[in-house]
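Residues per chain are reported as follows:
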Amino acid sequence: MPRIRPIRTEAIVLRQRPLGDADRICVLFSPTRGRIEAVAKGVRKPLSKMSGHVEPLSRGQFGLAQGRSLFVITDAQTLDPWSPLHDDVERMTEALAMAELVDRSTDAEVSSGPLYQLLRRSLESLASTQSPAAVRRWFTLRFLDQQGYQPELDACVRCRTEVGPEGNGYSAVDGGVVCPNCHGAGHGQRLTSPVFRLLRYMRRSSAQSTAQVRVDAQASAELERHLSMSLEQALDARLRSSSFAEDLARAETIGRSAVQSAAESEREEQRRAAI
Amino acid sequence: MQRSPATAPTIARLIEAFHRLPGIGPKSAQRLAYHVLRAPRAEAEALSEALLEVKDSTRLCAVCQNITDADPCAVCLDPQRSDSTICVVEEPLDVAAIERAGVHRGRYHVLHGAISPMDGVGPEDLKVRELLSRLGDATVEEVILAMNPNLEGEATAGYLSRVIGAMGVRITRIAHGLPVGADVEYADERTLRAAMTHRVEVDREEGSD
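Residues numbered from 1 in each chain as written. Chains lettered and ligands numbered in written order. Predicted model: local features only at pLDDT ≥ 70, side-chain atom pairs only at ≥ 80, totals over all residues. Heavy atoms only, no water.

Draft legend 1. Molecular detail of the sheet that holds strand S7 (residues 176–178) of chain A. Residue and element names in this part refer to chain A. Reading across from one edge, S7-S6-S8 is the order of the three strands in this open sheet, with antiparallel pairing throughout. Edge positions in the open sheet fall to S7 and strand S8 (189–191), since each of these has one partner strand only. Between one strand axis and the next, the sheet turns by 45° as a mean value, whatever way the strands run. Bridge analysis of strand S6 (residues 168–171) against S8 gives three bridges, and the strand direction is antiparallel. Residue pairing across strands places asparagine 168 opposite leucine 191, the latter belonging to S8. Along the sheet, helix H8 (residues 217–235) makes contact with S6 and S8, crossing S8 at roughly 125°. (Pairing = 2+ DSSP bridges. Helix = DSSP H or I, 4+ residues; strand = E, 2+ residues; numbered from the N terminus. Axes fitted to C-alpha atoms, helices over the stretch in contact; angles between N-to-C directions. Contact = heavy atoms within 4.5 Å.)

Draft legend 2. Seen up close, the sheet that holds strand S1 (residues 7–19) of chain A. All names here are of chain A. Read around the closed barrel, the five strands follow the order S1-S2-S3-S5-S4; overall the barrel is mixed. Looking at each pair of strands side by side, their axes are set apart by 45° on average, direction ignored. By the bridge criterion, eight bridges tie strand S4 (residues 59–66) to strand S5 (residues 71–80) in an arrangement that is antiparallel. Paired with glycine 60 across the bridge in S5 is threonine 78. Along the sheet, helix H3 (residues 113–128) contacts S1, strand S2 (23–30), S4 and S5; its crossing angle with S1, the most-contacted strand, is approximately 70°.

Draft legend 3. The arrangement of the environment of alanine 187 of chain B in detail. Considering the arrangement of structural elements, one finds alanine 187 of chain B in the loop between strand S6 (170–173) and helix H8 (189–197). Expressed as a C-alpha distance, the spacing of alanine 187 of chain B and isoleucine 15 of chain B, which sit 172 residues apart in the sequence, is 40 Å. Leaving out residues up to four positions away in the same chain, alanine 187 of chain B has contacts with His53 of chain A together with Leu178 and Leu192 of chain B.

Draft legend 4. Seen up close, helix H5 (residues 92–101) of chain B. Residues and elements named next belong to chain B. Among the residues of H5, those classed as buried are Pro92, Val95 and Ile98. All buried residues of H5 lie within an arc of 120° about the axis, which places them on one face of the element. Exposed and facing more than 90 degrees away from the buried side of H5 are Leu93, Arg100 and Ala101. Along its buried surface, H5 packs onto strand S2 (67–68), strand S3 (85–89) and strand S4 (107–110). Positive backbone phi, approximately 60°, marks glycine 102, located one or two places after H5. (Buried < 20%, exposed > 50% of the residue type's maximum accessible area, 1.4 Å probe, protein only. Arc of directions from axis to C-beta.)

Draft legend 5. Structural detail: the domain arrangement of chain A. Residues and elements named next belong to chain A. Looking at chain A, the domain boundaries give domain 1 (7–82) and domain 2 (84–240). Here domain 1 and domain 2 have C-alpha centroids that lie 30 Å from each other. Taken together, the contact between domain 1 and domain 2 spans 21 residues of the former and 24 residues of the latter. Taken as a group, Phe29, Leu57 and Trp82 account for 40% of the area that domain 1 buries against domain 2, more than any other trio of residues on that side. (Domains from an automatic or database assignment. Buried area = accessible area lost by both parts, 1.4 Å probe.)

Draft legend 6. Representation of the nonpolar core in the model. In this structure, Leu119, Leu123 and Phe139 of chain A together with Val88, Leu135, Tyr159 and Leu160 of chain B are the most contacted members of the largest nonpolar core, which totals 81 residues. Among all residues touching leucine 123 of chain A, those that are not within four sequence positions of it are Ile12, Trp82, Leu85, Ala95 and Met98 of chain A. The next biggest cluster of nonpolar side chains, apart from the first, holds 16 residues, and it includes Cys26, Val54, Ile73 and Ala76 of chain A. (Core = buried A, V, L, I, M, F, W, Y, C linked by side-chain atoms within 4.5 Å.)

Draft legend 7. View of a negative patch on the surface. Residue and element names in this part refer to chain B. Negative charge collects at one region of the surface, where Glu49, Glu53, Asp56 and Asp69 lie side by side. Take glutamate 53: it is sitting in helix H3 (residues 41–57). Classification of glutamate 53 as exposed rests on a relative accessible area of 52%. (Patch = residues over 30% accessible without salt bridge, like charges linked within 9 Å, V, L, I, M, F, W, Y side chains within 5 Å. Areas by Shrake-Rupley, 256 points an atom, 1.4 Å probe, with all protein chains shown as cover. Salt bridge = Lys/Arg side-chain N within 4 Å of Asp/Glu carboxyl O. Lys, Arg positive; Asp, Glu negative; His and termini not counted. Charge placed at Lys NZ, Arg CZ, Asp CG, Glu CD.)

Structure representation (structure tokens):
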């Protein structure tokens with residue numbers, strides 16, 4: 001068997017899973033080699049010198065040697081720990097959604113320079129932004145564009161007439177904006193003028209600029225709906241991490257209702273004791 | 001695992017059973033199987049009885065969700081322990097580790113896992129509801145989050161902070177930093193940052209002796 005030379009590559013750690021008692025399998029995303037699964041040996045032991053350098057949602061320089069079935073990480077050095085993505089659960093949730101998208105849409109040994117740069121720029125923006133959801137939505141649109149599912153925003157996807165900002169619809173199945181006539185005929189979901197303008201703005205602007213645009217809750221929800229439907233259409237599946245985003249959004253309500261139900265059961269007990 | 005024709009099928013079955021245990025490779029499985037074979041019958045019987053007993057007589061404590069053979073468990077029944085503090089951990093083994101250190105005299109709550117968004121493991125898959133039901137009255141004043149300092153642990157702690165924060169209970173998180181015996185030169189940036197952020201005052205009286 002020919003001996004494979006050790007590899008040295010920069011990569012973003014997308015995810016990890018435990019292996020045996022002390023190891024982890026890390027999924028790395030490299031600009032030159034795409035998705036790489038590599039074993040990080042001993043990283044679950046408290047004195048491991050490597051454990052902090054192979055944490056998901058960080059960028060590092062890795063030495064890899066070909067093992068029997070997977071690569072083995074021989075050395076790792078963090079280049080960018082992106083600490084805010086770990087310290088703030090909201091940023092973390094958005095970063096995980098991006099990482100899951102890349103994890104599910106890339107193959108091993110396929111050079112993925114543009115997607116790598118997109119993910120890197122987006123995670124950098126996410127680490128410094130005040131609007132994590134806006135950065136993730138920008139990433140989603142750019143991801144769709146890069147992967148060949150670019151939503152059409154200039155002409156109607158059904159009749160090819162050029163569209164203005166008013167009265168349009170959006171059809172994830174047909175792949176973009178639907179003109180007022182076709183929308184009136186029952187095609188696509190309502191696409192309001194602010195969301196149409198924002199989609200066009202996102203396409204020509206950076207993540208940082210997009211994050212600075214003020215968007216009300218209603219427009220935010222509409223944009224989220226259109227993008228996630230386009231994404232589901234492209235992936236033919238729903239992102240797993242999106243359920244956690246929903247759990248997180250409900251967290252405070254769950255806490256408050258737990259207090260209310262405890263108070264109600266206390267009142268009920270007092271009432272029964274009085275009887 | 002490949003079966004050798006020279007190994008009797010009953011021994012091969014035992015080797016395979018040991019090999020399925022975590023951390024047991026094919027060689028260790030073989031050694032264990034032959035050890036059982038050579039050991040006195042009473043030892044083999046004691047092992048098989050212990051295996052069956054652990055399956056038959058253990059359950060989850062209705063209060064803290066730790067594995068126990070008496071419900072509520074000994075820790076939940078101990079009157080010497082404080083009811084005002086609950087230490088939340090991911091796994092039953094974490095309770096054992098903290099108890100060995102003898103640093104917590106309050107109660108525990110075992111979640112039986114951690115939130116892992118990319119694997120589809122959410123709060124509904126853990127013992128979160130059971131934890132919230134313990135915090136409803138004013139008895140519990142502090143919840144200590146003792147999750148592992150990794151992504152799943154951070155996600156779990158972040159979620160619990162939001163839920164418990166809305167209940168008005170004080171939440172603390174165990175400190176992060178360098179483990180005993182570690183080298184500063186090999187530490188990653190996040191660990192060093194945490195260690196620096198949570199640095200403590202050196203006691204001058206103690207240092208002057």
